[in-house]
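Remarks on the overall topology
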Amino acid sequence: PLGSTIDDNGHLRIGGLDAVELAKEYGTPLYVFDENDIRERCREFKREFAGRYPATHIAFAGKACLNKAIAKVVASEGFGLDVVSGGELEIARSAGFPTNQIYFHGNNKSDAELEMALEYKVGRIVVDNFYELSRLDAMAARRGVKADIMFRIKPGIDPHTHAKITTGNIDSKFGFGLDDAADAVARAMKCGNLKLTGFHYHIGSQIFEIQPFLDALKTTLEFMARMKRELGFITEELDAGGGYAVQYLSGAQPPAIGEYAEAIVSLLRSECHRLGLALPKLSVEPGRATVARSAVALYTVGAIKDIPGVRCYACVDGGMADNIRPALYCSQYEPYLANRMADYADQTYTIAGRFCESGDILANDVKLPEVKPGDILVMPVSGAYSIPMSSNYNAFCRPAVVMVKDGQARIIKRRETVEDLLRTDLG
Ligand code: LLP
C-alpha cells in the first residue's frame, strides 16, 4: 500500500506498523488493509472523474471486498455502493450505508432480494432480464411504490482480459442484448411502478486497454440515441461499470485512473453532442481499483521442499482457500519476505499453499532471498477478490482481517474458528 516502508531491521511497515509484529500478534494467514490507502484511492476517483464531470456517481463494487469497516470508509468518502446480493445489502445496511446510494446488480435475484431492495429503498435496481422485470413490476405495484431501475445491457465488446472475467460479450449471462433491451425499454415505459432512468454495462475486470471502455460507451450512446428516436425515451443515467486494472506485477503498469477518466469523459461529451443527446448522469463502479492495492496478505512459511534441478517449494499456511485467484485465473503475484525486505532476491521458489490440490500454488518461479521456515511471506495487492472468494475447503478457518491507520491496528474481521464451522453442521 501507499506509504509502506522498510525499517532499519529490513522489515516491511504498513500504515506505520511492523508487518512482522502484526503477523506475530494476530497470527497468519492475515490480511492487512491500510485505511489511508483506501481513502486515497477514493479521492483519486473523485478527483479524476467528478473533477472532470461533476455529475458522476462513484460506487464501490462491494464484491471486491465488503465488510462493515470498509463500507464505512468508502461511505465517509462519499462513495456509493454496488451490491449483488441480499447478503451484501445487509452488510452495507448494518454499517449504516445510506441505501439510496446503493445499486443492486445481479443476473438472478431472488424474490426475497427484490422485495428487500424495495423495502430498503435502494437507489437503483439494475434489472438484468425480462423475468426480473415482470416480477419487480408486480412487486412494486403490490407495494404501491415507484422504483428507480436501470437496464443492464451487453454492448458486445471484447475487453481483452481473462475469459472468466469478461462480461460485456453477446454470449455473456449478464444483461440484455441490444434488441432485447429495446423491447424491455418499450415495456418499462408502460410500467407505472417502475421508472427506467437509464442503462448500465460492465464489460469485464482488470482491463488494461482504454479502447474497449470507449467502444462500449460509444455503442451505448448510440443505443440511447436509437431509444430516443424510436421510442422517445430520454436516458437520464449511464452506469459504465468498473473494470479498471491495477498493477500486480512490476513490469505491467495499467493506465492511471486519470487516463481512463479523461478518455471516457471526453468521448461522452463529444458523442452526446454529435448524437444530440443531453449529457446523462454518469456512474462508475470501481471494485478492484478501490481496494486491491490497499492490502497485503501475510503468511508464515513452513515446509521447504527442494526437488533438485526441478523446483523448490516454499509452503505457506494459507493458499487457494483464502486466495483462489492464481488457481482460477492464473493470476500472478510478486511475493516478498516481510522480515527480509533488504536481502537480495537471488533464489527461485514456487509458493505452495497448504490445501489438498496440486493446483494450490500462489506463485510460480518467483525470486526471493533464501527462504527459511518461519519467514513471513507477503502477497501484495491482495485487497480485492481474495477474502470475498475464500472458502472453508479442507475445513480451513478464514483468516483474520486487520485495518491499520497511522500506527494503529484494529481487527475488523476475526479469524474463523472450528466452532464457527461446526455451528452449521447439525450432525
Ligand atoms: N460492476 C459490476 C456490475 C461488476 O460485475 C463488477 C465486477 C464491477 C462493477 C467491479 O469490477 P472491478 O472494478 O473490480 O474490475 N473475481 C475476479 C473479478 C470479478 C469481477 C466481477 N464483477 C477477479 O478476481 O479477478
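What you are looking at is a predicted structure, and each value in this text was computed from that prediction instead of being measured. (Residues numbered from 1 in each chain as written. Predicted model: local features only at pLDDT ≥ 70, side-chain atom pairs only at ≥ 80, totals over all residues.)

On to the overall build of the chain. Broken down by element type, the chain carries 12 helices and 20 strands. Compactness check: the chain gives a C-alpha radius of gyration of 23 Å against a globular reference of 22 Å for 427 residues, within 12% of the reference. When its C-alpha atoms are laid out on the principal axes, the chain stretches across 70 × 55 × 40 Å. Across the 427 residues that make up the chain, the buried fraction comes to 46%. Considering only contacts within the chain whose residues lie at least 6 apart along the sequence, 70% involve residues at least 24 apart. (Helix = DSSP H or I, 4+ residues; strand = E, 2+ residues; numbered from the N terminus. Rg over C-alpha atoms; globule rule 2.2 N^0.38 Å. Buried ≥ 20, exposed ≤ 12 C-beta atoms within 10 Å, placed from the backbone. Contact = placed C-beta atoms within 7 Å.)

Negative phi is the rule for most residues except glycine; trans is the rule for most peptide bonds. The amide bond that connects Thr28 to the next residue, Pro29, takes the cis arrangement and shows omega of -10 degrees. Among the secondary structure elements, Pro29 is positioned in the loop between α1 (19-26) and β4 (30-34). Backbone geometry at Gln206 places phi at a positive 55 degrees, although glycine is not the residue there. Along the chain, Gln206 turns up in the loop between β10 (194-200) and α8 (211-231). Take Gln206: there are 22 C-beta atoms within 10 Å of it, and that puts it in the buried class.

Another point: the packing of helix α2 (residues 35-50) against helix α3 (residues 68-76). Working note: a packed helix pair is described by the angle between its axes plus the distance between those axes. At their nearest, the axes of α2 and α3 sit 9 Å apart, and the two run at 40 degrees to each other. Considered as vectors, α2 and α3 are oriented oblique to each other. Relative to α3, α2 is oriented so that their crossing is right-handed. Here α2 contributes Glu35, Ile38, Arg39 and Cys42 to the contact with α3, which in turn contributes Ile70, Val73 and Val74. Looking at side-chain class alone, the contact of α2 with α3 contains 5 nonpolar, no polar and 2 charged residues. (Axes fitted to C-alpha atoms, helices over the stretch in contact; angles between N-to-C directions. Parallel < 35°, antiparallel > 145°, perpendicular 65-115°, else oblique. Left-handed = near helix turned anticlockwise from the far one by under 90°. Nonpolar A, V, L, I, M, F, W, Y, C, P; charged D, E, K, R; others polar.)

Here Asp128 shows up in the loop between β8 (124-127) and α6 (130-143). Look at Asp128 and you get buried, because 21 C-beta atoms sit within 10 Å. On a C-alpha basis, the gap between Asp128 and Leu422 in space is 37 Å, while along the polypeptide they are 294 residues apart.

Attention shifts here to the site of the ligand. The ligand sits among 21 residues. The nearest are Ala61, Ser205, Gly242, Gly287 and Tyr385. Put simply, the parts of the chain that give the shell around the ligand at least two residues each are α10 (288-291) and α11 (325-329). Here the shell around the ligand is built from residues that sort into 8 nonpolar, 8 polar and 5 charged. Structurally, the shell around the ligand is a two-domain feature, drawing no fewer than three residues from each of domain 1 (5-34 + 293-423) and domain 2 (35-291). (Near = placed C-beta within 6 Å. Domains from an automatic or database assignment.)

According to UniProt, the feature "binding site: pyridoxal 5'-phosphate" (unreviewed entry) maps to Gly243, Glu285, Pro286, Gly287, Arg288 and Tyr385 in the numbering used here. For Glu285, the position within the fold is in the loop between β12 (281-284) and α10. Beyond its immediate sequence surroundings of up to four residues, Glu285 is in contact with Ala59, Ala61, Asp82, His202, Asp239, Gly241 and Gly242. Tracing the backbone shows Pro286 in the loop between β12 and α10. C-beta crowding within 10 Å serves as the criterion here: with 28 such atoms nearby, Pro286 is assigned to the buried category. Those residues within four positions of Pro286 in sequence are excluded, and the remaining contacts are Phe45, Phe60, Ala61, Gly242 and Tyr244. (UniProt positions renumbered as here; feature names shortened; annotations may be inferred.)

Across a sheet, strands are paired by hydrogen bonds formed along the backbone, either parallel or antiparallel in direction. Here 3 strands make up an open sheet; going across it, the order is β1-β2-β3 and the pairing antiparallel. Two strands close off the open sheet at either side, each with one partner strand: β1 (5-6) and β3 (17-18). Alignment of strand β2 (residues 12-14) against β3, held across 2 bridges, turns out to be antiparallel. Its bridge partner lying in β3, Ile14 is registered against Leu17. (Pairing = 2+ DSSP bridges.)

All right, on to the domain arrangement of the chain then. In terms of domain boundaries, the chain breaks down into domain 1 (5-34 + 293-423) and domain 2 (35-291). Here domain 1 and domain 2 have C-alpha centroids that lie 32 Å from each other. Between domain 1 and domain 2, the residue contacts involve 23 residues of the former and 21 residues of the latter. Looking at the side of domain 1 that touches domain 2, the elements with two or more residues in it are β4, α11, β19 (400-405) and β20 (408-413). Of all the elements, β19 adds the most residues to the side of domain 1 that touches domain 2, at 4 residues.

A separate point is the sheet that holds β8. Read once around its circumference, the closed barrel built from 8 strands follows the order β5-β6-β7-β8-β9-β10-β11-β12, with strand pairing classed as parallel. With strand direction ignored, the average angle separating the axes of adjacent strands in the sheet is 30 degrees. Summarising the sheet, strand β5 (residues 56-61) and strand β6 (residues 80-83) pair through 3 bridges and their orientation is parallel. Residue pairing across strands places Phe60 opposite Leu81, the latter belonging to β6.

Right, let's get into the packing of α8 against helix α9 (residues 257-275). The contact between α8 and α9 brings their axes to 10 Å, and the two run at 25 degrees. If you check the angle between α8 and α9, you find them roughly parallel. Crossing of α8 over α9 shows right-handed handedness. Facing Phe213, Leu214, Leu217, Lys218, Leu221, Glu222 and Ala225 of α8, the residues of α9 in contact are Tyr260, Ala263, Ile264, Leu267, Leu268, Glu271, Cys272 and Leu275. Of the residues that constitute the contact of α8 with α9, the class distribution is 12 nonpolar, no polar and 3 charged.

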